[in-house]
Amino acid sequence: MRNRDPRFGDDTQPPTEFESALLKNSHALDDIWVAVGKQIGPESLFRLFAELGGMIVSVPTRESFVRRLYLPMRDAEILARLHAGDQACDIAKDFRVTRQTIRSASLRALKTAQRRG
């Protein structure tokens, strides 16, 4: 086992004072991880490294992330309204989508419901 410099922690520990100071005092503003660390704080950044370190990660756009969260909810609402007897054209108007989108959304919601059992 090699001797570790006590100024540096590992993935099982929160950031040390020294590591936090390195991040806080960094002027490497072109480094994305420094920018992220300054936004979310060293503890969250180091936890992120512990969970995702070494992985190739694709960071979605805000729009695609929110859309991925919203679509299942919207699809379930569409399916519920169809089951309640609402007309597809009325639902499409309320959601500002096409009737084809209503059909696709209801099929996705049915598949999701079937998978959940």
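Thresholds applied
- Residues numbered from 1 in each chain as written.
- Predicted model: local features only at pLDDT ≥ 70, side-chain atom pairs only at ≥ 80, totals over all residues.
- Heavy atoms only, no water.
- Helix = DSSP H or I, 4+ residues; strand = E, 2+ residues; numbered from the N terminus.
- Rg over C-alpha atoms; globule rule 2.2 N^0.38 Å.
- Patch = residues over 30% accessible without salt bridge, like charges linked within 9 Å, V, L, I, M, F, W, Y side chains within 5 Å.
- Areas by Shrake-Rupley, 256 points an atom, 1.4 Å probe, with all protein chains shown as cover.
- Salt bridge = Lys/Arg side-chain N within 4 Å of Asp/Glu carboxyl O.
- Buried < 20%, exposed > 50% of the residue type's maximum accessible area, 1.4 Å probe, protein only.
- Core = buried A, V, L, I, M, F, W, Y, C linked by side-chain atoms within 4.5 Å.
- Contact = heavy atoms within 4.5 Å.

Peer 1: A description of the overall build of the protein chain should follow, citing residues and the corresponding values.
Peer 2: Per the secondary structure count, the protein chain includes six helices and zero strands. Listed N to C, the secondary structure of the protein chain is α-α-α-α-α-α in terms of helices and strands. Here the protein chain has a C-alpha radius of gyration of 23 Å; the compact-globule value for 117 residues is 13 Å, and the former is much larger. Taken along its principal axes, the extent of the C-alpha atoms in the protein chain is 70 × 35 × 20 Å.

Peer 1: Can you lay out a nonpolar patch on the surface for me, pointing to particular residues and giving the numbers?
Peer 2: A cluster of nonpolar residues, Phe65, Val66, Leu69, Tyr70 and Met73, forms a patch on the protein surface that exposes about 480 Å² of accessible area. Structurally, Val66 can be placed in helix 4 (residues 62–83). Exposure remark for Val66: the relative accessible area of 44% places this residue in the partly exposed category.

Peer 1: Any details on the nonpolar core? Residues and values, ideally.
Peer 2: Nonpolar side chains tend to gather and get buried jointly when the protein is soluble and globular. Grouped together as the largest cluster of nonpolar side chains are six residues: Ile78, Ile91, Ala92, Phe95, Ile102 and Ala105. Listed by contribution, the elements that provide at least two residues to this core are helix 5 (88–95) and helix 6 (99–116). For this core, the element with the most residues is helix 5, which contributes three residues. Not counting chain neighbours up to four residues away, the residues in contact with Ile91 comprise Ile78, Arg81, Leu82, Asp86 and Ile102.

Peer 1: Tell me about the side chain of Ser26, residues and numbers included.
Peer 2: Summarising the element assignment, Ser26 is placed in the loop between helix 1 (17–25) and helix 2 (32–40). Beyond its immediate sequence surroundings of up to four residues, Ser26 is in contact with Val34 and Lys38.

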